[in-house]
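Listed here are the chains, written in short residue letters.
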Amino acid sequence: MTRPRISARISAISESATLAVDAKAKAMKAAGRPVIGFGAGEPDFATPGYIVEAAVEACRNPRFHKYTPAGGLPELKQAVADKTLRDSGYRVDAAQVLITNGGKQAVYEAFATLLDPGDEVLVVAPYWTTYPEAIKLAGGVQVDVVTDETTGYLASVEQLEAARTDRTKVLLFVSPSNPTGAVYTPEQVAEIGRWAVEHDLWVVTDEIYEHLTYGDATFASIATAVPELGDKVVVLNGVAKTYAMTGWRVGWLIGPKDVVKAASNLQSHATSNVSNVAQAAALAAVTGDLSAVAEMRDAFDRRRRTMVRMLNEIPGVLCPEPLGAFYAYPSVKALLGKEFGGRRPATSAELAEIILEEAEVAVVPGEAFGTPGYFRLSYALGDDDLTEGVGRLAKFLGQAG
C-alpha cells in the first residue's frame, strides 16, 4: 500500500481564499483584462517615508547583518510595550512581547501554545480565513458563533454562552473585524470580557485594526476593559494595516510571560528572528506619531461611505455600515438563484466567479469566511477604481432575471 505523499495534517489546510482571489485578479490583469480587485486586505498607500529611511539606515548597520534574539530586538519589544500602553491603556513589560513574522505567525503561535488536541475555541463568524487553519494545526476544535447583518455581525453573550461547553478553552475576540468591519462598543467589550472571566476562559484578541474606526465607533481593548482577565489574555497585533506595511512582515504577540516564553521557543526553531531591517522599520513606526495613520483613515472613511451607499443602491444587495477596518460585507442572498446571462448561481462562490469572468470585478465570497451568501469587498483601493468597480457590479447585478 502506497503511503500518501503529503501528511494528513498539511493536506487538510486550505489555501488562503483572499490571496487566491487576489492572485487570480492580478493574473487576469497581467493578461490584459481590466480587472478591478476588491479581494486583498491591503492599504493602497506607500509605507511612510520616515519608516523606509529607518530601514535604509538599518541596512548599513553591521549589527543587523547577524542573528539577533529569536523573540525580537529588545528595543522593539520595549517600544511595542510602550505603544500598547499609549494606544490601548494596557500595561505590559518587554518580557511579555514576542515579535513575529507578521500577524499570521502571531495567530498560529498563540493557538499552538495554548491548545491541546480537543480543546475548543469559540470563533465569531464571519471570521478571517487564517483562524480556522491555525486552530486546526494546533489540534483545536473550532466552534462557530454565527452572526449576520441583522445584528451588524456582532455576537451577544447569550450566543457565546449557548456555544460554550466544558471543553471550551479559548474565546477568539476580534474588534474591529475582518471581514465585516464590525466594532463592539466599549460596553459590549466589557460584558464579553466579564463573561470570559466568569467561565475561566482564555481570550485571544486580534487588535490589528485598532486605529481604523469611523464615525462614533471607538476601539476598546478587552485586556484593558476587563483587568480581571489577568494573565489569561493574549493580544495579537502588528504594523501591517496601521502603517501600510503589509510586505514588511512584522507582527507581535503579547501575553503572560510563560506563554510568551513557550511561543518564543517555538519560533526559535521555526523561523528564528524576524528580519532585522524590517524590525528597525517597525521600531520607527511604533515610536512615531500617528499623523500618517490619520490621513489614511480619512481616505478609508470617504471610500467606506461611497462603497456602502453604492452597494445598497443595488437591488438584492444589503450592506450594513462597517464601522472599522476597511471592508464591507454585503449580503447577496437575494440574488442567488437569479439568472445572469443564462447562468443561475446557487451560491455566493458561484456568483463571485461569474462576476469575475463577466464583469471583471474580483470579490471574495462569504464561503471563505464561514458564512455563505455574502461578499467581502475591501475599500483599500483608489477612489476611481472603487467607484468604477462597484459601478460594474451594479450594472451586472442589475441584469438579474
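In what follows, the structure referred to is the one given above.
Residues numbered from 1 in each chain as written. Predicted model: local features only at pLDDT ≥ 70, side-chain atom pairs only at ≥ 80, totals over all residues. Heavy atoms only, no water.

Participant: Explanation requested: the layout of surface pockets in the structure shown.
Facilitator: Empty space among the atoms can be located by rolling a probe the size of a water molecule over them. Approximately 520 Å³ is the volume found for the largest pocket. Residue lining of the largest pocket: 30 residues in total, with Gly 41, Lys 104, Trp 128, Lys 241 and Arg 249 positioned closest to the centre. If you list the elements that add at least two residues to the lining of the largest pocket, you get helix H2 (17-30), helix H5 (102-114) and strand S7 (233-238). Here the element with the most residues in the lining of the largest pocket is H5; it accounts for 4 residues. When its residues are assigned to classes, the lining of the largest pocket shows 14 nonpolar, 9 polar and 7 charged. When its volume is computed, the second largest pocket comes out at roughly 340 Å³. Taken together, 17 residues make up the lining of the second largest pocket; nearest its centre are Asp 22, Lys 26, Gly 37, Ala 380 and Leu 381. Elements represented by at least two residues in the lining of the second largest pocket include exactly H2 and strand S1 (36-37). No other element matches the 4 residues that H2 contributes to the lining of the second largest pocket. Across the lining of the second largest pocket, the residue classes break down as 8 nonpolar, 3 polar and 6 charged. (1 Å grid on protein atoms, 1.4 Å probe; cavity = no way out; pocket = protein on both sides within 12 Å on 5 of 7 lines; lining within 4 Å. Points joined across faces, edges and corners; volume = space filled by probe spheres on them. Helix = DSSP H or I, 4+ residues; strand = E, 2+ residues; numbered from the N terminus. Nonpolar A, V, L, I, M, F, W, Y, C, P; charged D, E, K, R; others polar.)

Participant: Would you mind showing me how to read helix H3 (residues 49-59) here?
Facilitator: Residues lying three or four places apart along an α-helix face the same way, a consequence of the helix completing one turn every 3.6 residues. All buried positions along H3 are accounted for by Ile 51, Ala 55 and Ala 58. Buried residues of H3, seen end-on, are gathered within an arc of 60 degrees and therefore sit on one face of the element. Buried positions along H3 lie against helix H11 (276-287). (Buried < 20%, exposed > 50% of the residue type's maximum accessible area, 1.4 Å probe, protein only. Arc of directions from axis to C-beta. Contact = heavy atoms within 4.5 Å.)

Participant: I would appreciate a short explanation of the pattern of salt bridges in the present structure.
Facilitator: Pairing is possible between side chains that carry opposite charge, provided their charged atoms lie close to one another. Applying the stated rule across the entire model yields 23 salt bridges. A salt bridge links Asp 87 to Arg 86, with the nearest nitrogen and oxygen atoms 2.6 Å apart. With relative accessibility at 19%, the residue Asp 87 sits in the buried group. According to the relative accessible area criterion, Arg 86 is partly exposed, its value standing at 41%. Residues Asp 383 and Arg 303 are paired through a salt bridge, measuring 3.3 Å at the closest nitrogen-oxygen approach. Taken together, the positions of Asp 383 in helix H14 (residues 383-397) and Arg 303 in helix H12 (residues 291-312) put the pair 80 residues apart, joining distant regions of the chain. Taking relative accessible area as the criterion, Asp 383 reaches 27% and is therefore assigned partly exposed. In this structure Arg 303 comes out as buried when scored by relative accessible area, which is 5%. One connected set of salt bridges, linked through shared partners, spans Asp 44, Arg 302, Arg 303 and Asp 383. (Salt bridge = Lys/Arg side-chain N within 4 Å of Asp/Glu carboxyl O.)

Participant: Would you take a moment to explain the sheet that holds strand S11 (residues 364-365) for this structure?
Facilitator: Strand-to-strand pairing in sheets goes through backbone hydrogen bonds, with the strands running parallel or antiparallel. Overall, antiparallel pairing links the 3 strands, which are arranged S9-S12-S11 in an open sheet. In this open sheet, the two edge strands, each paired with only one partner strand, are strand S9 (327-328) and S11. Alignment of S9 against strand S12 (residues 375-378), held across 2 bridges, turns out to be antiparallel. Bridging from a neighbouring strand, Tyr 327 pairs with Ser 378 of S12. Running over the sheet, helix H13 (residues 348-358) touches S11 and S12 and is turned about 45 degrees from S12. (Pairing = 2+ DSSP bridges. Axes fitted to C-alpha atoms, helices over the stretch in contact; angles between N-to-C directions.)

Participant: Sorry if this is basic, but what is going on with the sheet that holds strand S2 (residues 97-100) here?
Facilitator: The strand order across the open sheet formed by 7 strands is S2-S8-S7-S6-S5-S3-S4, and the pairing between neighbours is mixed. Both outer strands of the open sheet, S2 and strand S4 (141-146), are each paired with one neighbouring strand and no more. Within this sheet the neighbouring strands show an average axis-to-axis angle of 20 degrees, counted without direction. Bridging between strand S6 (residues 202-206) and S7 involves 4 bridges; their strand directions are parallel. The residue of S7 that forms the bridge with Val 203 is Val 233. Here helix H8 (residues 186-198) sits on the sheet in contact with strand S3 (120-125), strand S5 (168-174) and S6, set at roughly 170 degrees to S5.

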